[in-house]
Structures are given as structure tokens and as C-alpha cells.
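Per-entry structural report
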Amino acid sequence: MAVDFNIKFYKFFRGMAFVGIIILAFIAILSTISIAGRSLGALGLKPVPGDFELVEMATALAIFCFMPWTHLRRGHATVDLFWGSIPANFKKYIAITSDLLMLFVWCVLIWQMSGAMQDYYLTHESTMVLLIPLFWGYAFSMVPGCLGLFAYLWKLLETLDFVSVPSQYCTDTEVVH
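Described below are features of the structure shown in this document. (Residues numbered from 1 in each chain as written. Predicted model: local features only at pLDDT ≥ 70, side-chain atom pairs only at ≥ 80, totals over all residues. Heavy atoms only, no water.)

**Some words on the packing of aromatic side chains**
For the coordinates displayed, the defined rule picks out 11 aromatic pairs. Ring geometry for Phe5 and Phe9: centres 5.9 Å apart, planes at 40 degrees, overall tilted. Here Phe9 and Phe5 lie together in helix 1 (residues 2-39), a separation of four residues that amounts to about one turn. Ring geometry for Tyr121 versus Phe135: centroids 4.9 Å apart, planes at 85 degrees, classification edge-to-face. With Tyr121 in helix 3 (residues 88-123) and Phe135 in helix 4 (residues 134-159), this residue pair connects regions lying 14 residues apart in the sequence. Members of the aromatic cluster, joined through ring pairs, are Phe5, Phe9, Phe12, Phe13 and Trp154. (Phe/Tyr/Trp six-rings, centres within 6.5 Å; stacked < 30°, edge-to-face > 60°. Helix = DSSP H or I, 4+ residues; strand = E, 2+ residues; numbered from the N terminus.)

**Regarding the packing of helix 3 against helix 4**
Across the interface, helix 3 lies against helix 4 with an axial gap of 9 Å and an inter-helix angle of 160 degrees. The orientation of helix 3 relative to helix 4 falls into the category roughly antiparallel. Both helix 3 and helix 4 take part in a crossing whose hand is left-handed. (Axes fitted to C-alpha atoms, helices over the stretch in contact; angles between N-to-C directions. Parallel < 35°, antiparallel > 145°, perpendicular 65-115°, else oblique. Left-handed = near helix turned anticlockwise from the far one by under 90°.)

**With respect to the side chain of Glu158**
The topology assignment puts Glu158 in helix 4. Polar contacts involving the side chain of Glu158 include one to the side chain of Tyr10, which spans 2.7 Å. Among the polar contacts made by the side chain of Glu158, one reaches the side chain of Lys155 at a distance of 2.8 Å. (Polar contact = N/O pair within 3.5 Å; in protein donor to acceptor, adjacent residues only side chain to side chain.)

**Comments concerning helix 2 (residues 51-72)**
Here helix 2 contains 22 residues, and its C-alpha end-to-end distance of 32 Å stays within 8% of the 32 Å for a straight helix at 1.5 Å per residue. Along its length, helix 2 reaches its greatest deviation from straightness, about 25 degrees, at Phe66, and the proline Pro68 lies no more than four positions downstream. Within the sequence span of helix 2, burial applies to Asp51, Glu53, Met57, Ala58, Ala62, Phe64, Cys65, Pro68, Trp69, His71 and Leu72. Taken from the residues just after helix 2, Arg74 is the one with a positive phi, measuring 55 degrees. (Expected span 1.5 Å × (residues − 1). Bend = angle between axes of the 7 residues up to and from the residue. Buried < 20%, exposed > 50% of the residue type's maximum accessible area, 1.4 Å probe, protein only.)

**Description of the state of the cysteines**
In the structure shown here, the tally under the stated rule is zero disulfides. Not engaged in a disulfide, the cysteine Cys65 finds its nearest cysteine sulfur in Cys146; these two sulfurs lie 13 Å apart. There is no disulfide at Cys107, and the cysteine sulfur nearest it, in Cys146, is 9.7 Å away. Among the residues examined, Cys107 registers a relative accessible area of 35% and is labelled partly exposed. (Disulfide = S-S within 2.5 Å.)

Structural data, given as C-alpha cells:
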């Protein structure tokens, strides 16, 4: 039963990363169309109005969709210069500390974003071209952001050996690098 939940948990966050891929594809297509419109103005084409506003909001949303999956898979950048010479006990301590710090940073990020979202909601600020309420970008990003809290907590529980990584998601560096 627990193993089945672990697999579903990982699949959910992998699915969320795929949503991020779709968002990145949208950003690429939007940017391409807008750049082509700017470049081919002589042919009567125009850039997409508010393209930078949409790209800004969509980029934040894509990042919040990717980050939990990246953390679950230990995909963050690491420096392995001395890692091989560190004793296993100390590696475990480093892994627990880094997972605690990542969870803390993610909590602070969500907390600060919620404050900013509330401020933008109360002041009714909007984007300059499309007049999209600024709090919308925060609200959309808060959904994967809040869900990401569970991924960061789950990875800490894995590192503490309270739960196990599903076998199909194990990597040869799963011990932590």
C-alpha cells in the first residue's frame, strides 16, 4: 500500500513537470510569433501585444511545476569535487541538512509569494499592456508552489529513511550527491 502511494506521488510530480513542458512550449511559440512579428513588420506583421507579460507569468509557473520534480530526483546542480572522499555517515548528514534547508527555503518562498499576491490583490495592480491583474500570476504559481511543499517534505522523509524511493525512480546516486 505504501509503495503504491510512493509511486503515485512520484507520478503526480512527474506529471506536474510535464505541465511545465507544455508551458515552456507555449512560451517558445509565443516568443517566436512575437519576434517574427517584430522582424517582419514590413510585411504587415506585428508583435503579440503583452508578450513579455505572458512570458514572465508563464516562466514563473513553469519553474514552480519543474522544481518539485527536480528535487525529488535530486536533479539540482551539485559540486562533486570532494564527494567521493566524504564518509557515508557525513554524506547522510549533509543530505538531511540540505533537504531541511530546501524545505525551509521553499516555505519562505511560498510565504513571501502569498504576501505579495495579497498585496497585488488589494491594490488592484495590473500589467501595463494586457491589464491582467498581477495577483493572477502569483495565484497560478501558488498552486504548484504549495503542492511542491509536499515534495520537499517527502524528500526529507526519504532521506531520513521514513519512506522509500520507488524502485523505478531510484538512481545510482540516490544516496545523495
